[in-house]
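# Observations on the three-dimensional arrangement
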There are 2 protein chains.
Amino acid sequence: MALEHAILVSLLEQPGSGYELARRFDRSIGYFWTATHQQIYRVLKRMESDAWIEAREVAQQDRPDKKEYSVAALGRAALSGWLHEPIEPESVRHELAVKIRGAAFDDPAALIREVRRYRQAHAERLAHYLAGERRDFTGPEAPAPLDDRQELQHVVLRGGIAYEQMTLAWLDDVIDTLERLGARR
Amino acid sequence: MALEHAILVSLLEQPGSGYELARRFDRSIGYFWTATHQQIYRVLKRMESDAWIEAREVAQQDRPDKKEYSVAALGRAALSGWLHEPIEPESVRHELAVKIRGAAFDDPAALIREVRRYRQAHAERLAHYLAGERRDFTGPEAPAPLDDRQELQHVVLRGGIAYEQMTLAWLDDVIDTLERLGARR
DNA sequence: CCCCCCATGTAAGTAGTTACATGATTAC
DNA sequence: GTAATCATGTAACTACTTACATGGGGGG
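What counts, and where the lines are drawn
Residues numbered from 1 in each chain as written. Chains lettered and ligands numbered in written order. Predicted model: local features only at pLDDT ≥ 70, side-chain atom pairs only at ≥ 80, totals over all residues. Heavy atoms only, no water. Phe/Tyr/Trp six-rings, centres within 6.5 Å; stacked < 30°, edge-to-face > 60°. Helix = DSSP H or I, 4+ residues; strand = E, 2+ residues; numbered from the N terminus. Buried < 20%, exposed > 50% of the residue type's maximum accessible area, 1.4 Å probe, protein only. Lys NZ or Arg CZ within 6 Å of the ring centre and 35° of its normal. Contact = heavy atoms within 4.5 Å. Buried area = accessible area lost by both parts, 1.4 Å probe. Salt bridge = Lys/Arg side-chain N within 4 Å of Asp/Glu carboxyl O. Polar contact = N/O pair within 3.5 Å; in protein donor to acceptor, adjacent residues only side chain to side chain. Nonpolar A, V, L, I, M, F, W, Y, C, P; charged D, E, K, R; others polar. UniProt positions renumbered as here; feature names shortened; annotations may be inferred. Domains from an automatic or database assignment. Lys, Arg positive; Asp, Glu negative; His and termini not counted. Near = heavy atom within 4 Å.

- As recorded in an unreviewed UniProt entry, chain A goes by the name PadR family transcriptional regulator, listed as coming from Streptomyces spectabilis.

What follows is the structure, encoded as structure tokens:
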């Protein structure tokens, strides 16, 4: 149960409305924690009634008004407490791995097409990460030196980049294996 | 919703009871799909009433009797249908990444101890995977050549190994970064 | 006029977790 | 006797997903 904490981090980085949070969970923080707008609004309500966050009505021209949330003292305390808790091992859900093992009881070669499409999606995500890294951390427009917040965002992004590179290499391995099994039939 | 399918794959690899499935979800298939025994029993009931699987009462000596499940024709068909569906992108939940970004608003150096412990857990998992790989696929006791099922299990395990190696390298990067930020205060 | 973006929600259902419960057998 | 393993479940709760709903503004 860390959606609350992901929201706290995002609101500390930048206060915003439920809608804006939902956008961030499609990119940025969404690269390592996903949530839909329905879930976000529900959790925001709970967090507000627990006084973890405070809402401020913001009137806007040319677009609907919004409620801008920011982190209150209790929210900061809750985040701090959570940060000091032990890091729990992640519970893994890797659908493709199940499919690959399941392919032994169906047609391994039939998976190749889907794995290629999946690989393409990861290649695009890697390119997106690398562009973001140049823009925010390593390119000529990036601030130097980076402050703590930026250093920590950068090391998380490096993790995403490493993950995508590893995944692409493994998917090549998977495609080779599936092709080899198809050829020997 | 792939627990059903993970169970189908596991039962095709080897029929077994709910209890045995729960054990497998602690290792083997559990490396890429987790489930508790409560959840497994619930889903097994549904799968049996949908005629995806069949139960057989097995009397045992020295231990309680059990219900051994195996995959029925409808279950095989359901698995085959699922295998041909598009591979959906995984929804990411990476608590440590949230904590690292959150540390910017607390004490980055305080995370180091927990990250080291977390790294240790991943190092052990990698060692476990490598031992399993030698035992089942690359060692002198392993069958050669491998059949389709073993080749596919092996490529999935190689994915797990690659993931752990990548994770260890990234965690070293994280620890370095946290130490650097601690030192410059 | 229709579609897209901004903005916020409700309702219903599915999936997953945590706590509790039972009962047999084996090992110390 | 008491702890551990085998074996199967119920109950209550929390988290998450999917579908539906509303309404203003801007662009083609």
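Next comes the rest of the write-up.
### Some words on the packing of aromatic side chains
- If you walk through the whole model with that rule in mind, you get three aromatic pairs over all chains.
- Ring centres of Y163 of chain A and Y163 of chain B lie 6.2 Å apart, and the angle between their planes is 85 degrees; this geometry places the pair in the edge-to-face category. With Y163 of chain A in helix 7 (residues 148-183) and Y163 of chain B in helix 7 (residues 148-183), the pair connects residues from two separate chains.
- Of the residues examined, Y163 of chain A reaches a relative accessible area of 26% and is grouped as partly exposed.
- Note that K99 of chain A overlies the ring of W82 of chain B, its terminal NZ or CZ placed 4.8 Å from the centroid.

### Quick look at unusual backbone geometry
All names here are of chain A.
- Look at the link from A144 to P145: it is a cis peptide, with omega at -5 degrees.
- Within the fold, P145 resides in the loop between helix 6 (112-138) and helix 7.
- Here S28, not a glycine, exhibits a phi torsion of approximately 35 degrees, which is positive.

### Some thoughts on the interface of chain A and chain B
- At the junction of the two partners, chain A supplies 71 residues and chain B supplies 71 residues.
- For the chain A and chain B pair, buried surface summed over both sides reaches about 6900 Å², with 62% attributable to carbon and sulfur atoms.
- Looking at the side of chain A facing chain B, the largest losses of area belong to I87, R101 and F105 of chain A, adding up to 14% of the total buried there.
- Connecting chain A to chain B are seven salt bridges.
- With a shortest N-O distance of 2.7 Å, R101 of chain B and E13 of chain A are connected by a salt bridge.
- Here chain A and chain B share 35 residue pairs in polar contact (both at pLDDT 80 or more) between them.
- Elements supplying a minimum of two residues to the side of chain A that touches chain B: helix 1 (3-13), helix 4 (73-83), helix 5 (95-102), helix 6 and helix 7 of chain A.
- Tallying contributions element by element places helix 7 of chain A first for the side of chain A that touches chain B, with 19 residues.
- Here the residues of the side of chain A that touches chain B sort into 38 nonpolar, 11 polar and 22 charged.

### Digging into the UniProt feature "domain: Transcription regulator PadR N-terminal" (unreviewed entry) in chain A
- UniProt feature "domain: Transcription regulator PadR N-terminal" (unreviewed entry): in the numbering of this structure it lies at residues 7-79 of chain A.
- Annotation note: span residues 7-79 of chain A, helix share 47%, strand share 16%, distance between end C-alpha atoms 10 Å.

### Brief notes about the domain arrangement of chain A
Residue and element names in this part refer to chain A.
- Here chain A is partitioned into domain 1 (1-84) and domain 2 (95-183).
- Computed over C-alpha atoms, the centres of domain 1 and domain 2 are 28 Å apart.
- Taken together, the contacts link four residues of domain 1 with five residues of domain 2.
- With both sides pooled, the region where domain 1 packs onto domain 2 buries about 420 Å², and carbon together with sulfur makes up 51% of that total.
- For domain 1, the biggest contributors to the area lost against domain 2 are E13, Y31 and F32; these three give 95% of the whole.
- Here domain 1 and domain 2 share zero salt bridges between them.
- Joining domain 1 to domain 2, the criterion identifies three residue pairs in polar contact (both at pLDDT 80 or more).
- Residues that form the side of domain 1 that touches domain 2 fall into these classes: three nonpolar, no polar and one charged.

### What about the pattern of salt bridges?
- One pass over the structure, following the stated rule, counts 21 salt bridges over all chains.
- Between E151 of chain A and R180 of chain B there is a salt bridge whose closest N-O contact spans 3.5 Å. Within this pair, whereas E151 of chain A is found in helix 7, its partner R180 of chain B is found in helix 7, the two belonging to separate chains.
- The class for E151 of chain A is buried, based on a relative accessible area of 10%.

### Considering the side chain of R24 of chain A
Residues and elements named next belong to chain A.
- One can find R24 in helix 2 (residues 18-24).
- No salt bridge is formed by the buried R24; the nearest opposite charge belongs to E20, separated by 4.6 Å.
- Non-local contacts of R24, meaning those with residues more than four positions away in its chain, are made with S10, L11, Q14, P15, G16, I29 and G30.

### Brief notes about the protein's contact with DNA strand D
- Taken together, 22 residues surround DNA strand D, and among them M1, Q38 and Q39 of chain A together with Y19 and Q60 of chain B come closest.
- In DNA strand D, the atoms that sit within 4 Å of the protein are 63% sugar and phosphate, with bases accounting for the remainder.
- For DNA strand D, a phosphate oxygen lies 3.5 Å from a polar atom in the backbone of G18 of chain B.
- Within the side chain of Y19 of chain B, a nitrogen or oxygen atom sits 2.7 Å from a phosphate oxygen of DNA strand D.
- Broken down by secondary-structure element, the contributors of at least two residues to the surface near DNA strand D are helix 3 (37-49) of chain A together with helix 2 (18-24), helix 3 (37-49) and strand 2 (66-71) of chain B.
- Of the residues contributing to the surface near DNA strand D, the split by class is five nonpolar, seven polar and 10 charged.

### Side note on the UniProt feature "domain: Transcription regulator PadR C-terminal" (unreviewed entry) in chain A
- Cross-referencing UniProt, the feature "domain: Transcription regulator PadR C-terminal" (unreviewed entry) maps to residues 92-179 of chain A in the present numbering.
- Spanning residues 92-179 of chain A, this segment combines 76% helix with 0% strand, and its end C-alpha atoms are found 27 Å apart.

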